[in-house]
Amino acid sequence: MRSVCIIGGSRYFGLHLVSLFRDAGVAVTLVNRGSAAPPPGVDHVRADRSDEAALTAALGGRTFDAVVDQVLYTPLQAAVACRVFAERTPRYVMTSTMEVYDPATSPLVPASDGPVTEGFVDPAAWAVDLDLPWHDPQALARHFDAATGYAEGKRQAEAVLARSAPFSWASIRSAHVLGGGDRDFTGRLAHYVERIAAGRPVAVHREARPTSFVHHREIATVLARAALTDADGPLNACSHGALDAARLSELIAERLGTTARFRTAEGEDASPFSFDRSYAMDNGRAAALGFPLSRTADWLPAAIDEAAGAAKAAAAGRAV
């Protein structure tokens, strides 16, 4: 029987990932700090993944065919992973993000007029600073704002894997994840659905640029496939069909049977997914490697319905 370790994976698409492996007959070990119980049939290891000694002790003599790291945010965590799992697995997959491509978070990220390929941010060439206070969000805030800290942490984590990984590795650069109704803890799609349903204007940039999306079940499938293949390095994971915030709003309004209203975003008050810079990914590498990628247009209507249903249920609960 094949075995997989999942670090994190206790909510949203991480739960789908656990279920995909378990239902395929893979032995799954879930590592987290114990904040959420694992699904039935899954081994559970309680440990803080940032605490090298505690993680090593908690894992004991376990080895795995692959590890999927859902909560790898900093180069320090990546360095710990390289040491702890060096003799435990031949394959390591990191859940990364399209935010590594955001030129607003680093002057070293080139701007683009269209969808970006993986080569726009090469982890092998990216500088790593392990002396920054990655373990202390308040101290890190003196160096980076929240968006920059998140994007730079992911870039540098990938860079550590590129330089130091003792195993085959991949970083899955996920697009914005949608779907799942109230399981989507980000509230970003709900922001649109609730405002549009109420007839309130959506704040978008005057010339909003396209961005990429992926369904919550689709990203879980991509991660599972990546764990069981040998595709190395960064991999863009997004559905076919980028959308800008205005077009997304119009599609939501059509589904709700109403009309979207807009106002021009000023400063920091832009709605989620509204960007004044090109912010879409090219998924050609993933498609060429045989990863199953859907079209945004195929799953977005159901995702809107789920978000609308969750909003109605929440409103009914508040009224009780």
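One can find the structure itself at the top, above this paragraph.
Throughout this description, residue numbers start from 1 for each chain and increase along the sequence as written. Totals for whole chains, interfaces and linings use every residue, but because this is a predicted model, local features are given only for residues with pLDDT of at least 70 and side-chain atom pairs only at 80 or more, for both listing and counting. Note: side-chain values were computed over all heavy atoms of the structure, leaving out hydrogens and water.

Trainee: Which residues make up the environment of Ala 307, and what values do they have?
Mentor: One can find Ala 307 in helix H10 (residues 296-319). Ignoring sequence-local partners within four residues, the contact set of Ala 307 consists of Gly 181, Leu 189 and Val 193. For helices the rule is a DSSP run of H or I covering at least 4 residues; for strands it is a run of E covering at least 2, with both sets numbered from the N terminus onward. Here, residues are in contact when the closest pair of their heavy atoms is within 4.5 Å.

Trainee: Lay out empty space enclosed by the protein with the relevant residues and their values.
Mentor: For cavity detection a 1 Å grid was placed over the protein atoms alone, and a set of points counts as a cavity when a 1.4 Å probe fits there but cannot get out; an open set counts as a pocket when protein lies on both sides within 12 Å along at least five of seven lines, with lining residues being those that have an atom within 4 Å of a point. Grid points are joined across faces, edges and corners, and a volume is the space filled by probe spheres set on the points. Taken as a whole and assessed by the stated rule, the structure comprises one cavity of 30 Å³ or more. Size it by volume and the largest cavity reaches roughly 70 Å³. Met 98, Tyr 101, Pro 103, Pro 110, Ala 111, Ser 112, Val 116, Ser 278, Tyr 279, Ala 280 and Met 281 are the residues that line the largest cavity. Of the residues in the lining of the largest cavity, the class split is nine nonpolar, two polar and no charged. By the convention adopted, Pro, Cys, Tyr, Trp, Phe, Met, Ile, Leu, Val and Ala count as nonpolar, Lys, Arg, Asp and Glu as charged, and the other residues, Gly among them, as polar.

Trainee: Describe the sheet that holds strand E3 (residues 43-46), with residues and values.
Mentor: Should DSSP find at least two bridges between two strands, the strands are taken to pair. Spatial ordering of the open sheet is given by E3-E2-E1-E4-E5-E6-E10, a layout of seven strands whose pairing is parallel. The two strands at the open ends of the sheet, each matched to only one other strand, are E3 and strand E10 (233-237). In this sheet, neighbouring strand axes are inclined to one another by 20° on average, regardless of whether the strands run parallel or antiparallel. Note: strand E1 (residues 3-7) against strand E2 (residues 27-32), five bridges, orientation parallel. Bridge pairing links Ser 3 to Ala 27 in E2. Only the contacting stretch of a helix is used when fitting its axis, a line to C-alpha atoms as for every element, and angles between N-to-C directions run 0 to 180 degrees.

Trainee: Got a sec to walk through the pattern of salt bridges? Specific residues and values, please.
Mentor: For this document, the term salt bridge refers to a Lys or Arg side-chain nitrogen within 4 Å of an Asp or Glu carboxyl oxygen. Enumeration according to the criterion identifies 14 salt bridges in this entry. With a shortest N-O distance of 2.8 Å, Arg 277 and Asp 276 are connected by a salt bridge. Among the charged side chains, a network of salt bridges with common partners joins Asp 102, Asp 276 and Arg 277.

Trainee: I'd like to hear about the packing of helix H3 (residues 75-84) against helix H5 (residues 146-164), residue by residue, with values.
Mentor: Closest axis-to-axis distance for the H3/H5 pair is 7 Å, and the angle between their directions is 30°. Judged by the angle between their axes, H3 and H5 are roughly parallel. Between H3 and H5 lies a crossing whose hand is right-handed. Of H5, the residues touching H3 (which contributes Pro 75, Ala 78, Ala 79 and Cys 82) are Gly 153, Gln 156, Ala 157, Val 160, Leu 161 and Ser 164. When its residues are assigned to classes, the contact of H3 with H5 shows seven nonpolar, three polar and no charged. Just so you know how the angles are binned, under 35 degrees is roughly parallel, over 145 roughly antiparallel, 65 to 115 roughly perpendicular, and the rest oblique. Handedness of a crossing is defined here by the sense of rotation of the near helix relative to the far one, left-handed for an anticlockwise turn of less than a right angle and right-handed for a clockwise turn.

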